[in-house]
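# Analysis of the macromolecular model
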Amino acid sequence: MAKRLKDNLSSGFFEAANKLNSKSARQKIVAYVESYDDVFFWRTVLSKFETDRWYFQVTLPSRSPHLERGKKAVLMSLLKGKVGGSMIACVDADYDYLIQGRTAVSKEIISSPYIFHTYAYAIENLQCYASSLHDVCVAVSLNDHNIFDIASFLRSFSEIIYPLFVWNIWFYRTPNYSEFTMTDFLHAIEIGNVRLHEIPSVLERLRHRVGRKTDELRHRKPMAKQSWLALREELKELGVRPDNTYLYIQGHHLFDKVVVPLLGRICDELVKERQDEISRQSVHATQARNELSCYMNSLGDVEQMLKKNLGYEESEPFKRIQADVSRFMADKHSCRMS
């Protein structure tokens, strides 16, 4: 009996030791990202591909004594390191994906098997994935009343700005990009911090403004019609459609100047609605004060909820990223087996 117990303990010890050794034997793949905010996003991408052989460490470039951030620092860290075997770069696509190799950085980003990009302009665009934004409002306000169709708004917004967006990419694919810069484009599609009931008139004004600018560019570049039409078709192949253009405009503009103000308005209405409900249903003033205090202390913050929003996992760009990482890991597996 004592011998059997000793054998069992010994067997358990060695089994645990083997598991520990197996974990310590896993190979680390360093994934360099552009900023602190990117760490969580790329962790949601890469964690699904960790195995008993490989794991990822998502980190910022640390080779520079000046703590440089951004795409350039990430790519330089990759070039100076052990490329491919144990290092990858994870960056925002910006316009580098859509201009399809017209610059050296664009060519490197879309061709290297060790550089992964967001397909959408940036992680902020994915955090603002339209069909997930009602859930963000619920998380902030703790009120599930759907008082505004956010997905419909972003679809209309995208359809309106789409022709002008194609022009912006057209210019960025030529040496004449300074004639219609991203700043010019963003200025043309500015909507401001508007109230919910003003949205229809705001979209109508935006439609007129974009139409005028589009007509101006057509007259300025009369020979560009065929190349513009060809680019529009190519962009569709790359994933840009009239209904989802918001995913490909500058991320900070979408996040800070379109979605956050809009969600802030929606959540303000939802909070007020819940407060009124508590006041109506409370039996006496003390109960109302206690209930309101409890509710207000439970509310979230729009920006923070957006940054932790995982609804983008259903988006087409996210699935493309996953497919890229899947191919990378399959290649690593086949190399190790050979």
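Here the structure is shown first, and the text comes after it.
Notes on the structure in this doc start here.

Rules and cut-offs
- Residues numbered from 1 in each chain as written.
- Predicted model: local features only at pLDDT ≥ 70, side-chain atom pairs only at ≥ 80, totals over all residues.
- Heavy atoms only, no water.
- Axes fitted to C-alpha atoms, helices over the stretch in contact; angles between N-to-C directions.
- Helix = DSSP H or I, 4+ residues; strand = E, 2+ residues; numbered from the N terminus.
- Parallel < 35°, antiparallel > 145°, perpendicular 65-115°, else oblique.
- Contact = heavy atoms within 4.5 Å.
- Nonpolar A, V, L, I, M, F, W, Y, C, P; charged D, E, K, R; others polar.
- Phe/Tyr/Trp six-rings, centres within 6.5 Å; stacked < 30°, edge-to-face > 60°.
- Buried < 20%, exposed > 50% of the residue type's maximum accessible area, 1.4 Å probe, protein only.
- Lys NZ or Arg CZ within 6 Å of the ring centre and 35° of its normal.
- Pairing = 2+ DSSP bridges.
- 1 Å grid on protein atoms, 1.4 Å probe; cavity = no way out; pocket = protein on both sides within 12 Å on 5 of 7 lines; lining within 4 Å.
- Points joined across faces, edges and corners; volume = space filled by probe spheres on them.
- Salt bridge = Lys/Arg side-chain N within 4 Å of Asp/Glu carboxyl O.
- Core = buried A, V, L, I, M, F, W, Y, C linked by side-chain atoms within 4.5 Å.
- Polar contact = N/O pair within 3.5 Å; in protein donor to acceptor, adjacent residues only side chain to side chain.
- Left-handed = near helix turned anticlockwise from the far one by under 90°.
- Expected span 1.5 Å × (residues − 1).
- Arc of directions from axis to C-beta.

## Looking at the packing of helix α7 (residues 150-172) against helix α10 (residues 225-238)
Where α7 contacts α10, the two axes come as close as 10 Å, and the packing angle between them is 100°. If you check the angle between α7 and α10, you find them roughly perpendicular. Of the residues in α10, those in contact with Tyr 162, Pro 163, Val 166, Trp 167, Ile 169 and Trp 170 of α7 are Ser 227, Trp 228, Leu 231, Arg 232, Leu 235 and Lys 236. Broken down by class, the residue content of the contact of α7 with α10 amounts to 9 nonpolar, 1 polar and 2 charged.

## Considerations on the packing of aromatic side chains
By the definition in use, this model includes 19 aromatic pairs. Plain terms: the ring middles of Tyr 95 and Tyr 172 are 5.2 Å apart, the flat faces sit at 85° to each other, and that makes the pair edge-to-face. Linking Tyr 95 in the loop between β3 (87-91) and α4 (104-111) with Tyr 172 in helix α7, this pair joins segments that are 77 residues apart in sequence. Residue classification places Tyr 95 among the buried positions, given a relative accessible area of 5%. Consider the rings of Phe 148 and Phe 153, whose centres lie 6.3 Å apart with planes at 50°: the pair is tilted. Given the relative accessible area of 3%, Phe 153 is considered buried. The ring of Phe 40 is capped by Lys 308, whose NZ or CZ atom sits 5.6 Å from the centre of that ring.

## Looking at the sheet that holds β3
Pairing in this open sheet of 4 strands is parallel, and the strands run β2-β1-β3-β4 from one edge to the other. Looking at which strands have only one partner, the edges of the open sheet turn out to be β2 (54-59) and β4 (115-117). Across this sheet, the average inter-strand angle for adjacent strands is 25°, counted without regard to direction. In the sheet, strand β1 (residues 27-32) pairs with β3 via 3 bridges, with the strands oriented parallel. Bridge assignment links Tyr 32 to a residue of β3, and that residue is Ala 89. Those strands touched by helix α2 (residues 36-46) are β1, β2, β3 and β4, and its axis lies near 165° from that of β2.

## Focus on the layout of surface pockets
Take a probe with the size of a water molecule and roll it over the atoms, and the empty space left behind shows itself. Roughly 300 Å³ of internal volume is contained in the largest pocket. The wall of the largest pocket is formed by 20 residues, among which Tyr 129, Arg 241, Asp 243, Asn 244 and Leu 247 lie closest to the centre. Of the residues belonging to the lining of the largest pocket, the class tally is 10 nonpolar, 4 polar and 6 charged.

## So, unusual backbone geometry
At Gln 100, a residue that is not glycine, the phi angle is positive and equals roughly 50°. For Gln 100, a relative accessible area of 25% gives the class partly exposed. At Leu 142, a position not held by glycine, the phi torsion is positive, near 55°. Residue placement: Leu 142 occurs in the loop between α6 (133-141) and α7.

## Describing the pattern of salt bridges
Applying the stated criterion across every chain yields a total of 16 salt bridges. Lys 236 is the partner of Glu 233 in a salt bridge, and the nearest nitrogen-oxygen pair spans 3.6 Å. With Glu 233 and Lys 236 both in helix α10, this residue pair falls 3 residues apart, about one helical turn. Owing to a relative accessible area of 37%, Lys 236 belongs among the partly exposed residues under this scheme. Linked through salt bridges whose partners overlap, the residues forming this network are Lys 213, Glu 216 and Arg 220.

## Section: the nonpolar core
Counting 91 residues, the largest nonpolar core has Trp 42, Phe 153, Phe 157 and Phe 185 as its most contacted members. Not counting residues within four places of it along the chain, the set of residues in contact with Trp 42 comprises Val 33, Val 58, Cys 90, Val 91, Phe 116, His 117, Thr 118, Ile 123 and Ile 321.

## A word on the side chain of Ser 158
Mapping Ser 158 onto the fold places it in helix α7. Looking at Ser 158, the relative accessible area reads 0%, which means it is buried. A polar contact is formed between the side chain of Ser 158 and the backbone oxygen of Leu 154, at a distance of 2.8 Å. Ignoring any residue separated from it by four or fewer positions in sequence, one finds Ser 158 in contact with Pro 242, Asp 243, Asn 244, Thr 245 and Tyr 246.

## A look at the packing of α7 against helix α11 (residues 251-281)
Direction vectors running N to C along α7 and α11 enclose 150°, while the axes themselves pass 12 Å from each other. As the angle between them shows, α7 and α11 are arranged roughly antiparallel. Note on packing geometry: the crossing formed by α7 with α11 is right-handed. Seen from α7, the contacting residues are Ile 150, Phe 153, Leu 154 and Phe 157; seen from α11, they are Leu 254, Val 258, Leu 262, Leu 263 and Ile 266. Grouping the constituent residues of the contact of α7 with α11 by class yields 9 nonpolar, no polar and no charged.

## Some details on α10
With 14 residues, α10 ought to run about 20 Å at 1.5 Å a step, and its terminal C-alpha atoms sit 20 Å apart, in line with that. Turning to α10, its buried residues number three or more, namely Trp 228, Leu 231, Leu 235 and Leu 238. The buried residues of α10 occupy an angular sector of 75° when projected down its axis, which confines them to one face. For α10, the exposed residues lying more than 90 degrees away from the buried face are Lys 225, Gln 226 and Glu 237. Where α10 terminates, the next one or two residues include Gly 239, which has phi positive at roughly 110°.

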